[in-house]
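As a plain string of letters, each chain reads:
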Amino acid sequence: MKKILKNDAVQSLIASLLCIILGLLIGYIVLLFINPEGAWDAILAVLKNFMKTANHSRRVKLLGATLVRTAPLLMCGLSVLFAYKVGLFNIGAAGQYVAGVCASLYAALAWHWGWLPCVLLAIVAAAALGAIVGVLKSFCNVNEVISGIMLNWIALYTTNMILMSQKQEASHYTLKLKESAPQAILPGAGLDKLLGYDKVTIAIPLAIIMAIIVYIVMNRTRFGYELRATGNNRNAAKYAGMAEKRNIILTLVIAGGLAGLGGAMLYLTDIEQWSVTQTSVPGMGFNGIAATFLGGLNPIGTIFSSFFIQHITDGGPNVDLSHYCAQISDLISSIIIYLCGFVLFLKTAINRGLAKSDEKQAQKEKKLAAEAKGGEK
Amino acid sequence: MLLLIQYTLIFSSVLLLVALGGCFSEHSGVINLGLEGIMVIGALGGALMMRAMPAGTSALVIVLLTLLAAIVFGVVYSALLAVASINFKADQTIVGTALNMLGTAAATVFVKAINTAANPNDHSATIIYVEPKKAFVKTIGSFEFNWFMVVAVIVLILAYVILYKTRFGLRLMACGEHPQAAASVGINVFKMRWAGVLISGALGGLGGICYILAGVSQWQFEYGVAGFGFLALAVMIFGQWKPLRIALAALLFGLFRALSNVYAGFDFLAALNIPGTVYNMMPYIVSLIVLALTSGKSRAPKAEGIPYDKGMR
């Protein structure tokens with residue numbers, strides 16, 4: 001039992017589950033405040049999401065819809081995670097995601113590119129945005145959080161301006177890919193038939209593969225080791241002969257690319273159209289932060305946590321709208337991130353408790369051994 | 001022209017208030033990235049107070065009570081940051097980010113709940129305050145004078161005096177530079193950091209209500225405050241954590257923010273035929289450039305962002 005508790009992965013899992021439970025509990029209390037009648041039903045509706053309908057084929061289709069949005073969320077989570085392992089907080093993932101959306105949609109609609117070049121362009125555009133943050137950080141000492149936020153807004157307004165030329169005449173949404181650029185839609189590879197939903201594409205398995213690649217690069221390669229060393233102590237890494245400035249820039253380029261790939265993964269399925277009058281940065285990148293920390297800062301854990309976050313986000317609109325609004329799932333996920341801040345404290349507490357009980361046991365054994373010795377004489 | 005000055009002054013006041021809040025928090029050693037969320041919650045407090053007051057209330061009472069509500073909401077909300085980052089040694093960046101997301105989400109949920117309770121068909125997150133807003137504004141000729149400009153100047157003077165001329169301020173700054181040294185001469189670091197964060201909560205809340213009263217007379221809480229909390233942090237860094245320089249920086253940033261509101265009124269700017277979006281981006285672009293030029297020789301408090309550990313050397 002103790003051995004299991006000492007395992008870092010187990011501790012992370014316990015901490016994440018505690019965060020979820022506490023987050024739901026606090027969310028429930030808030031709902032009770034607003035309207036005590038439907039609070040329990042609302043929490044259940046959020047948690048159930050696609051399980052709510054009895055119809056089997058519809059349920060599978062709704063699961064597919066959640067998965068389609070989980071893929072980009074996972075990519076944003078991986079982007080935040082990759083940078084965090086190098087000691088950088090990539091809040092700019094939100095803007096890099098937007099840059100990916102912009103590049104992929106524009107290439108698809110204006111230049112009629114196929115899906116693969118669109119995806120690649122999205123990665124390049126977002127990586128360039130990440131590079132700006134990296135250069136500012138390593139050469140000008142600009143805090144990456146603040147430059148990231150500024151670039152989020154710049155990316156949003158630039159995207160609105162660029163995609164303005166590709167919008168439908170009667171609305172402020174961009175053209176539908178299905179009619180204007182069917183060549184750019186990601187291939188379904190049989191998955192769409194499996195889940196009975198044509199928006200399900202290769203994006204979902206691709207995102208999971210990316211998570212595994214991130215895990216391998218970070219933990220099993222020299223490059224990943226260098227990056228983590230730079231994150232732990234910039235100066236030590238520098239004196240050990242690592243190019244710490246290059247590493248920081250490279251990290252943010254990769255992190256940007258990951259988020260940009262996420263943007264392409266969502267918009268090239270044609271599930272959503274970009275609104276060119278949008279005045280707030282899409283929440284996908286920020287939810288990625290939640291997924292990362294809830295996933296215990298582990299790429300594999302992030303796969304599950306991003307599914308959970310997307311699951312409750314999609315469950316939001318299911319609540320009884322006469323009592324509450326769909327944003328209660330945002331409320332719950334932001335409470336969960338807040339609680340994730342306490343994870344370190346919790347882990348130290350567990351370890352301290354374990355060390356104490358170890359010490360006690362050692363003392364007991366010593367005492368017993370001494371008594372046994374005394375008995376012999 | 002007058003309109004440009006008016007908007008510059010009001011946006012500068014917002015930035016000044018919030019940046020001074022950040023300044024207090026950082027001087028005590030806690031990075032307050034949650035200012036954006038604190039602004040939203042402060043704005044919510046003020047807006048709810050304005051909504052609750054009966055029509056005939058005198059202007060002075062409206063102003064005072066609204067300010068008080070914004071301050072109280074801001075302080076209470078910032079306590080979430082204080083307890084996590086000071087007592088539980090949490091990562092200040094994560095907690096700050098969580099507070100930003102929580103601020104907008106919570107405000108939206110509450111306002112929608114209130115609106116729906118009042119009128120079952122109303123699912124918006126908007127609070128309207130046309131009448132009470134008049135209490136904050138005094139029209140002199142064609143210039144709309146706003147009481148927040150006075151509040152900002154008073155807070156600026158107070159901040160300067162408190163930080164540099166009182167025992168409290170000097171001790172606060174010591175906790176942000178070298179908390180162990182401060183503790184060794186009997187200063188309670190925990191208390192000082194709590195004070196720093198709560199003051200930033202109060203000023204952030206004030207800035208929030210000031211922001212939503214700046215141009216409009218209703219506010220949609222889904223939109224938060226459009227990155228103003230972070231702009232204020234940029235102002236603070238540009239101002240090198242010093243109140244008077246922060247004031248100058250706030251004027252500069254306020255000017256660019258104001259331009260996006262009134263650029264159409266200038267013939268030579270309108271003649272350039274630049275899309276409005278570019279003006280919307282201006283404050284963010286300018287802050288990036290300014291940060292790139294000034295962050296090199298940063299005078300940030302040395303211990304900011306590091307949880308206080310008594311046993312550390």
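Placed above this text is the structure.
The text that follows walks through the structure, step by step, so that each part is easy to find.

Criteria and cut-off values
- Residues numbered from 1 in each chain as written.
- Chains lettered and ligands numbered in written order.
- Predicted model: local features only at pLDDT ≥ 70, side-chain atom pairs only at ≥ 80, totals over all residues.
- Heavy atoms only, no water.
- Salt bridge = Lys/Arg side-chain N within 4 Å of Asp/Glu carboxyl O.
- Helix = DSSP H or I, 4+ residues; strand = E, 2+ residues; numbered from the N terminus.
- Buried < 20%, exposed > 50% of the residue type's maximum accessible area, 1.4 Å probe, protein only.
- Contact = heavy atoms within 4.5 Å.
- Buried area = accessible area lost by both parts, 1.4 Å probe.
- Pairing = 2+ DSSP bridges.
- Expected span 1.5 Å × (residues − 1).

1. Topic: the pattern of salt bridges
Residues and elements named next belong to chain A. With the rule as written, the count across this model stands at 8 salt bridges over all chains. A salt bridge links Arg 69 to Glu 272, with the shortest nitrogen-to-oxygen separation between them at 2.4 Å. One end of the pair, Arg 69, is in helix α4 (residues 56–85); the other, Glu 272, is in the loop between α13 (244–267) and α14 (284–294), with 203 residues separating them in the sequence. In this structure, Asp 198 engages Lys 199 in a salt bridge whose closest nitrogen and oxygen atoms are separated by 3.6 Å. Accessibility expressed as a relative area gives 13% for Lys 199, which makes it buried. Several salt bridges share partner residues, and in doing so they unite Lys 178, Asp 198 and Lys 199 into one network.

2. Some thoughts on the interface of chain B and chain A
Chain B puts 49 residues into the contact, and the matching count from chain A is 41 residues. Surface buried jointly by chain B and chain A totals about 3800 Å² across both partners, of which 82% is contributed by carbon and sulfur atoms. Sorting the residues of chain B by area buried against chain A places Ile94(B), Met101(B) and Leu288(B) first, and these three jointly supply 16% of that buried surface. Our count for the chain B to chain A interface comes out at 0 salt bridges.

3. A look at the pairing of strand β2 (residues 137–140) of chain B
Residues and elements named next belong to chain B. As defined by bridge partners, β2 adjoins strand β3 (residues 143–146) across 4 bridges and the pair is classed as antiparallel. The partner of Thr 139 across the bridge, within β3, is Glu 144. The antiparallel pairing of β2 with β3 creates a hairpin that spans 2 residues between the two strands, and Gly 141 there sits at a positive phi of about 65°.

4. A closer look at helix α2 (residues 35–52) of chain B
Between its terminal C-alpha atoms α2(B) stretches 25 Å, which fits the 26 Å expected from 18 residues at 1.5 Å a residue. The buried fraction of α2(B) is high, at 14 of 18 residues.

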